[in-house]
Amino acid sequence: MESVSRALSAITNSSFHNCFPISATVMARFARDCLYKFSVLTKKLETTLGPDTAELGMRFGLHSGPVTAGVLRGEKARFQLFGDTMNTTARIESTGAKNKIHISQETADLLTGAGKGHWVRPREDKVVAKGKGELTTFWLELKGDAAKSSRSGSSEGSESLALDEAPAAATAPVSGGQEGTSQALPERYLRLVNWNAEILARMLKQVVARREAMHVKPDPTEKIRDIETEQLQSGSLVLEEVKEIIVLPKFKAGDAKSVIDPDKVKLGDAITSQLQAYLQAIAAMYRNNPFHNFEHASHVTMSVVKLLSRIVAPEIECSEAKVLHDHTYGITSDPLTQFAVILSALIHDVDHTGVPNSVLVQEQTSIAAVYKNKSVAEQNSVDIAWELLMQDCFQDLRGAIYATADEFKRFRQLVVNTVMATDIMDKELSAARKARWNAAFTESREDEEEDTSVNRKATIVIEHLIQASDVAHTMQHWHIYRKWNQRLFEEMYIAYKQGRTDKDPSTNWYEGEIGFFDFYIIPLAMKLRSCGVFGVSSDEYLNYAQQNRREWERKGQEIVAEMLESFAYSEQLKADENNTAVPPPGLPSVPEKKSGVANQA
Ligand SMILES: [Zn+2]
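Below: a short report on this structure. Note that this is a predicted model, so its numbers are computed, not measured. (Residues numbered from 1 in each chain as written. Predicted model: local features only at pLDDT ≥ 70, side-chain atom pairs only at ≥ 80, totals over all residues.)

## Quick notes on the overall build of the chain
The secondary structure content of the chain amounts to 24 helices and 10 strands. Counting all 601 residues of the chain, 35% fall into the buried class. (Helix = DSSP H or I, 4+ residues; strand = E, 2+ residues; numbered from the N terminus. Buried ≥ 20, exposed ≤ 12 C-beta atoms within 10 Å, placed from the backbone.)

And the structure:
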């Protein structure tokens, strides 16, 4: 093994036996195995690290030739490899492509010599290597590629460098699901749907396991259908349903002991396919806004899952379930609560129109009228997602989520409170929430029953959890903040260009962000820390928020100028596509820079 710049290189050394060809075959197989294992691993890690994980890739460069080995003198003495072969290998690797195995002429020749000529396919463009000029290089043909070329009749043999069956499964499209709900979703959205379905299915298994462990007797189906219908026909507004305190189940001593391993729970095909179909339909109902889209919903869901997991596994020592229950105000001891909060994150912006509530109200849109000009988008999202869930085709899914009237009420209440908490612009709601926080955490209420006070804390913690997740991009790594901030800017700028808002967002975007950090983000992160249930996550969020604020203070103005420029550029491109092929005036550097980067990548 040897390191080449950022990469590790592995060497098979067969020169003593004068059998380079075998060595090349071994290396090719090794690279293939690495690529395969990596795709399996990233797929597996998606559920814990988030949907972007599967976008990670590996790049391989294979070259063959003689090397010199030795140990240099000095403090950093170690066994090392030297020589031109190492330099060329580094170039072959760095000029390769994501998830591809790039090989040199020498390695290709050796493979051909070993009877594996059908593994190699010439690369169409030439690679330029320092001190070597143009190089002819090759791609190692993997199964997917081979299958394509054999279909077109150009590949003679079926004995390609088969990648087993698994990688295909790792990126397999979603199975159709319920008829009528599967729509043409972009590939990326399908992956997000799969990721979310996996998370929710896992949670749902815990819901079912808990129900079985506690021997909960399901209510008769007719009774459940009746309360569902009653709720649908009640005509009350979502906002009116928000409660100050949600009653979570009390801790029972037997809870911890009688828990059934959720991994042993089988949800059954009907439930899993309905869950998949439901999420696909939700994804399809998200509009294609720059910010408020299904990717944002998935990002928020990821943050909720992470924060919940930190509550479930707090840093504090608590082997006893009762201690854990008390410490987290009962959130950890009720899987249904967690399921409801995760699902709420996923639906919280469904059908978002890409403009703030204030615009919907000002334009006197019909949905603004329906919701009496209050929390318009949020109420609309709850209603849309809920009505969809109530359709007959999701009966089995609903049966897994709630089996009693009590569970139904709790689930509904949690969805309502959680989604409505994402309206942070409404002054009245914000003031009420602030008062509730104080009531829960700063005022002493000796007159209040202990149960009530615990439920009050749980309710307010859940609301802050979703709020923090909704703006999680501000409390994560700078590049994530930048990405989502730019998207939000774009969304607002489009609304301005369309004449739907009269204020140009670029005029005080810089100051606006600083204010948002100072008056919303950082106080929120501090609250998360002070309620003490999120363990290390709360420090992490606060630190990132403070770092991002500092960074923004330094670079923000420049960034706003850049965002404006890139917006103007993409507008110009669109205009050009619609008109003729006249090159855009006054836009010299951007496209050149882009292609330069692409060449080096
Ligand atoms: Zn949101």
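This is not the end of the story, as more comes after the structure.
## Regarding helix H19 (residues 427–442)
Across its 16 residues, H19 extends 21 Å between first and last C-alpha, which sits within 8% of the 22 Å expected from 1.5 Å per residue. Taken together, the buried positions of H19 are occupied by Arg433, Trp437 and Ala440. Along the long axis of H19, the arc covered by the buried residues comes to 75°, so they all point the same way. Every exposed residue of H19 that faces more than 90 degrees away from the buried side is listed here: Lys427, Glu428, Ala431, Lys434, Ala435, Asn438 and Thr442. Of the surrounding elements, those touching the buried residues of H19 are helix H20 (450–470) and helix H22 (509–530). (Expected span 1.5 Å × (residues − 1). Arc of directions from axis to C-beta. Contact = placed C-beta atoms within 7 Å.)

## Examining unusual backbone geometry
Of note, His215 is a non-glycine position whose phi angle comes to about 50°, a positive value. A count of 8 C-beta atoms within 10 Å places His215 in the exposed class. We note that Asp351 has phi near 70°; this positive angle belongs to a residue other than glycine. Its place among the elements puts Asp351 in the loop between helix H13 (335–347) and helix H14 (357–362). You can call Asp351 partly exposed: it has 17 C-beta atoms within 10 Å.

## Considerations on the nonpolar core
Judged by nonpolar contacts, the single largest core of 85 residues is most densely connected at Leu200, Tyr278, Ile282, Val304, Phe339, Val341 and Ile342. By residue number, the principal contributor to this core is helix H6 (residues 187–213), which donates 11 residues. The residue makeup of this core includes at least three contributed by each of domain 2 (179–428) and domain 3 (471–583). Filtering out sequence-adjacent residues up to four positions away, Val304 remains in contact with Val341, Ile342, Ala345, Leu465, Ile466 and Ser469. Listed in part, the 17 residues of the second largest apolar core include Ala24, Met27, Ile101 and Val120. (Core = buried A, V, L, I, M, F, W, Y, C linked by C-beta atoms within 7 Å. Domains from an automatic or database assignment.)

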